[in-house]
Amino acid sequence: MDIFFQLIINGLLLGGAYMILSLGLTLIFGVVRVVNFAHGEFLMIGMYLVYLLAAQLGIHPYVGLVPAAVVLFALGAFTQKVVIEPLLNAGEEIQIFATVGVSTILLNLALVIFGADVFRVHTSVGTGSVAVGPFSLVTGQLATFAVAIVLAAGLHLFMHRTYLGRALRAVAQQRYAAMLMGVDVKFVYVIAFGLGSAFVGVAAGLLAPQYPVFPTVGTYFVLTAFVIVVLGGMGSLYGAVAGSLIIGVVDTLAGFYIAPDLKEVVYFGIFLLILILRPSGLFGLGTE
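Attention here is on the structure that accompanies the text. Bear in mind that the values here come from a model prediction, so they are computed numbers and not experimental data.

## Quick notes on the nonpolar core
No. 1: Ranked by size, the top nonpolar core spans 76 residues in total, and within it L23, V31, V32, F42, L43 and V171 carry the most contacts.
No. 2: Apart from residues no more than four positions distant in its own chain, V171 is found in contact with V31, A178, V183, V185, V188 and Y189.

## Structural notes on the pattern of salt bridges
Pairing of side chains with opposite charge becomes possible as their charged atoms draw close.
No. 1: If you walk through the whole model with that rule in mind, you get two salt bridges.
No. 2: Here K81 makes a salt bridge to E85, at a shortest N to O gap of 3.4 Å.
No. 3: Judged by its relative accessible area of 45%, K81 falls in the partly exposed class.
No. 4: For E85, a relative accessible area of 16% puts it in the buried group.
No. 5: K263 is the partner of D251 in a salt bridge, and the nearest nitrogen-oxygen pair spans 3.3 Å. Remark: K263 occurs in helix α11 (residues 263-277) and D251 occurs in helix α10 (residues 237-257); sequence separation between them is 12 residues.

## Some words on the side chain of S197
No. 1: Summarising the element assignment, S197 is placed in helix α8 (residues 185-207).
No. 2: Classification of S197 by relative accessible area gives buried; the value is 0%.
No. 3: One polar contact links the side chain of S197 to the main-chain carbonyl oxygen of F193, over a distance of 2.8 Å.
No. 4: Other than its neighbours up to four places away in sequence, S197 contacts I28, F42, L72 and G76.

## Section: the layout of surface pockets
Empty pockets left among the atoms are what a rolling probe the size of a water molecule brings to light.
No. 1: The calculated volume of the largest pocket comes to roughly 240 Å³.
No. 2: Taken together, 14 residues form the lining of the largest pocket, with Y18, Y211, Y220, D251 and K263 sitting closest to its centre.
No. 3: Along the lines of polarity and charge, the residues of the lining of the largest pocket split into nine nonpolar, two polar and three charged.
No. 4: In this structure, the second largest pocket occupies an estimated 180 Å³ of space.
No. 5: Lining the second largest pocket we find 13 residues, and of these V32, R33, E92, R175 and Y189 sit closest to its centre.
No. 6: Listed by contribution, the elements that provide at least two residues to the lining of the second largest pocket are α1 (2-32), α4 (92-114), α6 (163-173) and α7 (175-180).
No. 7: If one sorts the elements of the lining of the second largest pocket by residue count, α6 sits on top with three residues.
No. 8: Class assignment of the residues belonging to the lining of the second largest pocket gives a composition of seven nonpolar, three polar and three charged.

## Overview of the pairing of strand β2 (residues 135-138)
No. 1: Alternating residues of β2 divide into F135 and L137, all buried, and S136 and V138, none buried.
No. 2: Inspection of the sheet shows strand β1 (residues 129-132) paired to β2 by four bridges, in the antiparallel sense. Across the sheet, the residue bridging to V132 is F135, located in β2.
No. 3: Connecting β1 to the antiparallel partner β2 that follows it, the hairpin turn spans two residues, and G133 within it adopts a positive phi of roughly 65°.

How each quantity is defined
- Residues numbered from 1 in each chain as written.
- Predicted model: local features only at pLDDT ≥ 70, side-chain atom pairs only at ≥ 80, totals over all residues.
- Heavy atoms only, no water.
- Core = buried A, V, L, I, M, F, W, Y, C linked by side-chain atoms within 4.5 Å.
- Buried < 20%, exposed > 50% of the residue type's maximum accessible area, 1.4 Å probe, protein only.
- Contact = heavy atoms within 4.5 Å.
- Salt bridge = Lys/Arg side-chain N within 4 Å of Asp/Glu carboxyl O.
- Helix = DSSP H or I, 4+ residues; strand = E, 2+ residues; numbered from the N terminus.
- Polar contact = N/O pair within 3.5 Å; in protein donor to acceptor, adjacent residues only side chain to side chain.
- 1 Å grid on protein atoms, 1.4 Å probe; cavity = no way out; pocket = protein on both sides within 12 Å on 5 of 7 lines; lining within 4 Å.
- Points joined across faces, edges and corners; volume = space filled by probe spheres on them.
- Nonpolar A, V, L, I, M, F, W, Y, C, P; charged D, E, K, R; others polar.
- Pairing = 2+ DSSP bridges.

Here it is, written out as structure tokens:
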């Protein structure tokens, strides 16, 4: 029984990493209505940046996540302004193809600059474990989960207590009505894409001590994030939080009781069932 509860705890902690990525992804979709297929490559860039800061300057990844978040905010804002904005009146499939193009460019740039070599951030902080009663908690996962909860709460307060946050919600609900009320929709789009991308920078600093860095590192995480966003409801911040915890637990339970190689099959099966039975997800559509 202790093993079962240990797996549940591990799954919830793993859900912290998924939560940060999914919050960024669902914020972009909820406001801009664009599925960012370059989300994984943004994570890859953030992890390379954190690695370089650690290897060249000796900056701990937990400190390096701050410049990584700033750089990713700028990259997201640039992508929205230069790539997505000219396509706002085009079909949704054209916007999706544009983010796929950005993804391909970034992936190939990483291969040209860094090659296919695998790099690791060497640090003792974040890779150990602590005992809580009969359970063992990985400090890196614990820190990631704590930051994820703080970010989720902070984003909720930002969306409900600030003018810019309310402008984001207004544009998410009805951009033409928001425009008539004097909201600068294009500016809001840039902020939304930037914030969603900045979340990826935070995740990069938290994940770099736990996972190797290589050009396709973001693929696994972003595919799982897409499952979570669909499960919780496209554009739903509450759904992103709940979906992350659910998929984290499913990941660890399926990996232990079925097979590590088949755990993706389990939650992608959930992904397909949700699409068939409840396309709007557990919490429906929209940014709360």
